[in-house]
Amino acid sequence: MFKEMVQGLGVTFENLFKKPFTVQYPEEQLTMFPRFRGLHILTRHEDGLERCVGCELCAVACPADAIFVEAAENEPDAPQSHGERYAKRYEINMLRCIFCGMCEEACPEDAIYLEKKFELADYDRDAFIYTKDELLVGPEQSGYLPAR
Amino acid sequence: MNANGTKVRVTIDGRTVEVAPGTLVTDAARAAEVHVPIFCSHAKLPPLGACRICVVEVGMPKLGPDRKPVLAADGAPEIAWMPKVQTGCTTPVLDGMHVRTATPVAVKARQGVMEFLLVNHPLDCPVCDEGGECQLQDLAFAFGADFTRMDEAKRTFESEDLGPVVKKEANRCIICMRCVRYCDEIMGDDALTAHQRGVWTEISSFDRQPLDCEQCGNCVEVCPVGALTALPYRFKARPWDLRQHVTICPYCSNGCSVRLGVRGNEVLRARGTEHRGVNQEYLCVRGRFGYEFVNSAERLTAPLLRMGGAQSPASFDEAVTYAAARLREIVAVHGAGSVAFLGGEKLNVEEQYLFQKLARAVIGTPHVDARTRSTARVPGDAILRATGGGRPAMSLDDLVDAQEVLVLGDDLQGEAPFAQAQLIRGQHQRGLHLTVANQRRVKLARTKFGGDWLAYRPGSEPALVAALARAALELGDAAGAAPAAPWRAAIEGWTVEKGAAATGIPADAIRAAAKRLHAASRKAILFGRAVAEHPQAASLLEAIEALGWASGAITESRAALMSFGPQSDSQGALDMGLTPDCLPGYVPAADAAARGRYEQAWGRTLDLGAGLSAPEILAAAAAGGIKALWIVADDWLASAPDRAMAAKALASAELVVVNELFLTPTARAAHVVFPASAFAEKEGVVVNCERRLQRTVRALAWRKGVKPDWEILQAVAQALGAAWSYRGAEDVFREIAKLVPGYQGRSWATLLPLGPQWSFAANAVLPERRAAAAVAELARAGEGLALLSGATLFLQGGLSHRGTLLPKLAKAPRAFLHPAEAARIGVGDGDRVSLAAPGGAIELDAALDPSVPEGSVFVPQAQAGVELNRLGAAGAPPRVTARRVGARETVGA
Ligand code: SF4
Ligand code: SF4
Ligand code: SF4
Ligand code: SF4
Ligand code: SF4
Ligand code: FES
């Protein structure tokens, strides 16, 4: 019986002096693994135009039916994307999304990626519908594609 | 099956099927449920063999020296396979033929074809509107390789907008020639062509001008890839976004099936249905692009009530209570005969049935008429009699195979576009001959269709029909035309020569036309509004019946005449008794014994007295005799023959109830307006020109505040104390199927997708009737120009104005004059002209058009802003004086 007690305390002491696994979130942040799947981004070409052409393949691939795309035709002198078509509306319902990454896999244009952001809590249900403005990266990130 | 019913046996991938001789291998494969891909072949077009994707291995049993099949060791016949693969879409089957589709040879050949098709095909599926329903995409997925050996740059073309409907992206074209052939052989427009040759072949319009064509979009429909796409639907949605519902087009009596694509609660497109419906892939421009009104923001969304001054929105219950209370008061004070029910040709048959039941069984008035455009009283069964009295009717498919077709009076391009397409196909592919009797050289009368054009004097249709019937009788009586038959009375006193003099057509031409019709074993006589709304319609329709018997188009067992009603469900309105003298199923209202079935079912006597027809109701209401009017789905101010009179009637009536989608001028004059559902928002049955019963389905959720007409009618009937308790259109149809002759025993469930054509049992066809009087001779022409009017392609009825595309295609309304006539009255192209008649005048821009005969002016009806009924009640033929009132420059755009 005594032997077992010592054994148990041994484990306790061993862990007492190990480096902790937990981090002091939110003061301390973890770096995510490269293939972690968090909030989506919509990317841009090097020239700043959107990569997304509004083809809706992500929407049809999504098992949770979380994506809504409405396409429109580019103005020839002020295009939003390469080609004739762009996404006029692009919305993801983050309450439905299961972060499976199928949209990313389906996209023929490398336009949608699941990035590292995971702090998605909010007070309002409507806030979970991420619109194109919220998803599209800024022009300073033109040409950026996450490593995979 | 061929004439003697023999069939041939083919074995495809081990499955043996029996098909008619001459069937193509691809079709036999479909029968055997073996998938053979196709691109260029099309059921309505002759085989071409352009794309080679349908290659299969074909073989016949080997024959020994004794001409007997050589048997292999296992007893099965040995097959001599052809050394090379064959295109299935051009190879007719032979008895005993064997086909293999999945052997390495066939698969490799198909992969090779696929690779060639993709050599120049761009990889732009993500931006292509066809993506998701593209046959090339599907087959590339199924048969193609997932890499390309093509290193060179692909050839490219500029994309073009070919007019407001067709977008062309020639890079995607696989040169299957379906579009060019369809436009040529079925639309009769020859609007598309292939420029250049070989790899540089490019489909476009001639001279690359915007397409000057019917804008039907069928080229887009048949294009198997995204080379032609529809501009109105451009980038609107993907097929997987759309809920697709097959329902019936509301724009003419042909009753085409349309596949509505709905996203959210909005109709985004309409397409043909490929293997369903009378039309299959075909739709005309109205069916394909006319759905816009359904989504319109101008739709009424709440009932309107006028109590005192202006109309104000009210709740549905308030409106029902008010309408019922006022109706009750009016009936109490003035009697039930002071209430009249008008319109209803656009409703489903269930609603039509309830409309007349409300009138007859609840209110107790005999004044019911849907035919608000008529200028004269026409018996409710006149059209049915003229088309064979309820004998089995011909179908639109029969038209293609007819040898001789007489088109009487109407421009089918506007009245019945699909019927026109069937005739053009028959003319191109099967040697159909057309005789087009029309005052104008309408599309079908053009020389390129090789027909005969009988250009009769305006208004002389009765003389023409009587003369044709006489000429047919000269050729000897057709079978079944008994010498004492009562229909002879309709053409009494007429001779071919008298008809020739009255119509201005040489007697020889009339005799020749009658001879062609008489001689043909498969024939058809088609007519529409020009006959049904003719001032002498009653006797004219009897003369048509006479022509039918005399030429053999009507026999004891069937009838080959077809009437195109003015609206999608005009036939239903006649069938359901929206006429003053007929109860549903053409039961004479005055026949106490016959109407017993309804008295019993509706629980009241129907001894209501003689009903007034629409023009009589118009006159009575204007004179103050009719106190309450209920008008459904009809802008009466636009449809009544005399607008001033209709305005007076509306103003003097104590109660006007209107069911409408939009606040039309008529609805504005009403005391109660009920917002009604559009065709895509309700279920029901409609009856087309073939007398075919077809179910419509609900593609959209009901809009807030809007109800289908049957519910509105039921609510008011209940408020008036009737014990109606229909839960839906199906319940009403069940009652119809119990009571109405011709509809008896029909089951709602079997009317999808393509219901049966109704006809009476052989012993129940309408008895022949002695004509009241022979058709009268035409009054001598008066002063001025004859006013011709008629339907045109791009607009039909008030709903088509509510979108953007159709009015744009129709252009501004104009008065069309022959150049010589225009010169005579000093009018140039684009000048403003005034058309004056004793009743009033209208002003329009003039357009010169040599297809309009001299001495007349053509003004299309159904255009917004053209109010022909301002000219007052029409005489026969209506005449106007045209005068130039402004030069081209002064005319606003
Ligand atoms: S990650 Fe998965 S669930 Fe989320 S939007 Fe993409 S496909 Fe849909
Ligand atoms: S994100 Fe990609 S898959 Fe989705 S619509 Fe845009 S281009 Fe298409
Ligand atoms: S829209 Fe119709 S008529 Fe015009 S080119 Fe196409 S098929 Fe021909
Ligand atoms: S445009 Fe379409 S239908 Fe016409 S030839 Fe090309 S692929 Fe065929
Ligand atoms: S032919 Fe008639 S029924 Fe067919 S699509 Fe055109 S308008 Fe509709
Ligand atoms: S489908 Fe047979 S050759 Fe095109």
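What you see is a predicted model, and the numbers here were worked out from it, not measured in a lab.

1. Digging into the overall build of chain A
Here is step 1 of the chain: Counting its secondary structure elements, chain A contains 4 helices and 5 strands.
Here is step 2 of the chain: Along its sequence from the N terminus, chain A presents helices and strands in the succession α-β-α-β-β-α-β-β-α.
Here is step 3 of the chain: For chain A, the C-alpha radius of gyration of 22 Å lies well beyond 15 Å, the compact-globule estimate for 148 residues.
Here is step 4 of the chain: Projecting the C-alpha coordinates of chain A onto the three principal axes gives extents of approximately 85 × 30 × 30 Å.
Here is step 5 of the chain: In chain A, 74% of the contacts between residues at least 6 apart in sequence involve partners at least 24 apart.

2. Considerations on the overall build of chain B
Here is step 1 of the chain: Helix and strand counts for chain B stand at 27 helices and 36 strands.
Here is step 2 of the chain: Relative to its length of 893 residues, chain B is compact, with a C-alpha radius of gyration of 29 Å against a globular reference of 29 Å.
Here is step 3 of the chain: By its C-alpha atoms, chain B is 95 × 65 × 65 Å across when sized along the principal axes.

3. A closer look at the site of ligand 2
Here is step 1 of the chain: Of all residues adjacent to ligand 2, which total 15 residues, the nearest are A:C52, A:C55, A:C58, A:C107 and A:A111.
Here is step 2 of the chain: With respect to ligand 2, the chains having nearby residues are chains A and B.
Here is step 3 of the chain: Across the shell around ligand 2, the residue classes tally to 12 nonpolar, 1 polar and 2 charged.

4. Section: the site of ligand 4
Here is step 1 of the chain: B:C173, B:C176, B:C179, B:C223 and B:A227 are the nearest of the 14 residues found near ligand 4.
Here is step 2 of the chain: Classifying every residue of the shell around ligand 4 by side-chain character gives 13 nonpolar, no polar and 1 charged.

5. With respect to helix α13 (residues 461–474) of chain B
For the α-helix, the turn length of 3.6 residues means that residues three or four positions removed from each other point alike.
Residue and element names in this part refer to chain B.
Here is step 1 of the chain: Spanning 14 residues, α13 covers 20 Å between terminal C-alpha atoms, matching the ideal 20 Å at 1.5 Å per step.
Here is step 2 of the chain: Where burial is concerned, most of α13 is hidden: 13 out of the 14 residues are buried.
Here is step 3 of the chain: Positioned one or two residues after α13, G476 has a phi angle of 100 degrees, which is positive.

6. Points about the sheet that holds strand β31 (residues 785–790) of chain B
Here is step 1 of the chain: Overall, mixed pairing links the 6 strands, which are arranged β31-β35-β32-β34-β33-β36 (chain B) in a closed barrel. With direction set aside, neighbouring strand axes in the sheet form an average angle of 45 degrees.

7. Section: the pairing of strand β9 (residues 192–195) of chain B
Here is step 1 of the chain: With 4 bridges joining them, β9(B) and strand β10 (residues 202–205) of chain B adopt antiparallel strand pairing. Counterpart to B:L192 in the pairing with β10(B) is B:S205.

8. So, the nonpolar core
Here is step 1 of the chain: Judged by nonpolar contacts, the single largest core of 261 residues is most densely connected at B:L468, B:A469 and B:A543.
Here is step 2 of the chain: For this core, the leading source of residues is α13(B), giving 10 residues.
Here is step 3 of the chain: Not counting residues up to four positions away in its chain, the partners in contact with B:A469 are B:I491, B:A543, B:A546, B:L547 and B:A550.
Here is step 4 of the chain: In this structure, A:C58, A:A59, A:A66 and A:A87 belong to the second largest nonpolar core, which totals 30 residues.

9. Some words on the interface of chain B and chain A
Here is step 1 of the chain: With 8 residues of chain B at the interface, the matching set in chain A holds 14 residues.
Here is step 2 of the chain: Here the residues of the side of chain B that touches chain A are counted per class, giving 4 nonpolar, 1 polar and 3 charged.

10. Some points on the environment of B:G261
All names here are of chain B.
Here is step 1 of the chain: By the element assignment, G261 lies in strand β13 (residues 257–263).
Here is step 2 of the chain: Owing to 22 C-beta atoms within 10 Å, G261 belongs among the buried residues under this scheme.
Here is step 3 of the chain: Placed 109 residues apart in sequence, G261 and A370 show a C-alpha to C-alpha distance of 31 Å.
Here is step 4 of the chain: For G261, the residues in contact, after removing those within four places along its chain, are A237, L242, Q244, L268 and R269.

11. Notes on the packing of helix α8 (residues 349–363) of chain B against helix α25 (residues 729–739) of chain B
When two helices pack together, you describe them by how their axes are tilted relative to each other and by the distance separating the axes.
All names here are of chain B.
Here is step 1 of the chain: One way to put it is that α8 packs onto α25 with a least axis distance of 9 Å and a crossing angle of 70 degrees. In terms of orientation, α8 and α25 fall into the roughly perpendicular class. Considering how the two elements wind past one another, α8 and α25 form a crossing that is left-handed. Touching V349, E350, Y353 and L354 of α8 are A729, V732, F733 and I736, all from α25.

12. Here's the deal with unusual backbone geometry
Here is step 1 of the chain: Residue A:P26 is bonded to the preceding A:Y25 through a cis peptide linkage, with omega at 5 degrees.
Here is step 2 of the chain: You can see A:P26 is positioned in the loop between α1 (2–16) and β1 (40–42).
Here is step 3 of the chain: Phi is positive for B:R67, close to 60 degrees, though the residue is something other than glycine.
Here is step 4 of the chain: Mapped onto the elements, B:R67 comes out in the loop between β3 (55–61) and β4 (79–81).

13. With respect to the packing of helix α7 (residues 316–334) of chain B against helix α24 (residues 709–719) of chain B
All names here are of chain B.
Here is step 1 of the chain: Close contact between α7 and α24 brings their axes to 9 Å; oriented N to C, the two are set at 55 degrees. Here α7 lies oblique to α24, going by the angle between them. The hand of the α7/α24 crossing is right-handed. Each of V320, T321, A323 and A324 in α7 lies in contact with α24, whose residues at this interface are A715, V716 and A719.

14. A word on the pairing of strand β32 (residues 814–817) of chain B
Residue and element names in this part refer to chain B.
Here is step 1 of the chain: Burial along β32 is two-sided: the face carrying R814 and F816 and the face carrying A815 and L817 are both buried.
Here is step 2 of the chain: Pairing of β32 with strand β34 (residues 840–848) involves 4 bridges; the strand directions are parallel. Counterpart to A815 in the pairing with β34 is A846.

15. Focus on the domain arrangement of chain B
All names here are of chain B.
Here is step 1 of the chain: When the domains of chain B are assigned, the result is domain 1 (8–115), domain 2 (153–295), domain 3 (308–373 + 570–758), domain 4 (383–563) and domain 5 (785–890).
Here is step 2 of the chain: Contacts between the two partners involve 12 residues from domain 2 and, on the opposite side, 12 residues from domain 5.
Here is step 3 of the chain: Of the residues that constitute the side of domain 2 that touches domain 5, the class distribution is 7 nonpolar, 2 polar and 3 charged.

16. Some details on the sheet that holds strand β18 (residues 368–369) of chain B
Here is step 1 of the chain: Ordered in space as β16-β15-β28-β27-β26-β17-β18 (chain B), the 7 strands form an open sheet in which the pairing is mixed. Each edge of the sheet is formed by a strand with only one pairing partner; in this case those strands are β16 (311–313) and β18 of chain B.

17. A short note on the confidence of the model for chain B
Here is step 1 of the chain: With 97% of its residues at a pLDDT of 70 or more, chain B has an overall mean of 92.
Here is step 2 of the chain: Reported for the predicted complex are a pTM of 0.94 and an ipTM of 0.87.

18. Here we look at the environment of B:N254
Residue and element names in this part refer to chain B.
Here is step 1 of the chain: As for its placement among the helices and strands, N254 is situated in the loop between β12 (243–248) and β13.
Here is step 2 of the chain: Expressed as a C-alpha distance, the spacing of N254 and H195, which sit 59 residues apart in the sequence, is 35 Å.
Here is step 3 of the chain: Here N254 is in contact with V278, L396, A416, F418, A419, N688 and C689, once residues within four sequence places are set aside.

19. Points about the environment of B:L788
All names here are of chain B.
Here is step 1 of the chain: Its place among the elements puts L788 in strand β31.
Here is step 2 of the chain: Taking C-alpha positions, L788 is 9.8 Å from P853, a pair spaced 65 residues apart along the chain.
Here is step 3 of the chain: Beyond its immediate stretch of four places on either side in the chain, L788 contacts Q439, R440, P458, S856, V857 and F858.

Reading the values: the criteria
Residues numbered from 1 in each chain as written. Chains lettered and ligands numbered in written order. Predicted model: local features only at pLDDT ≥ 70, side-chain atom pairs only at ≥ 80, totals over all residues. Helix = DSSP H or I, 4+ residues; strand = E, 2+ residues; numbered from the N terminus. Rg over C-alpha atoms; globule rule 2.2 N^0.38 Å. Contact = placed C-beta atoms within 7 Å. Near = placed C-beta within 6 Å. Nonpolar A, V, L, I, M, F, W, Y, C, P; charged D, E, K, R; others polar. Expected span 1.5 Å × (residues − 1). Buried ≥ 20, exposed ≤ 12 C-beta atoms within 10 Å, placed from the backbone. Pairing = 2+ DSSP bridges. Axes fitted to C-alpha atoms, helices over the stretch in contact; angles between N-to-C directions. Core = buried A, V, L, I, M, F, W, Y, C linked by C-beta atoms within 7 Å. Parallel < 35°, antiparallel > 145°, perpendicular 65-115°, else oblique. Left-handed = near helix turned anticlockwise from the far one by under 90°. Domains from an automatic or database assignment. pLDDT = per-residue confidence, 0-100.

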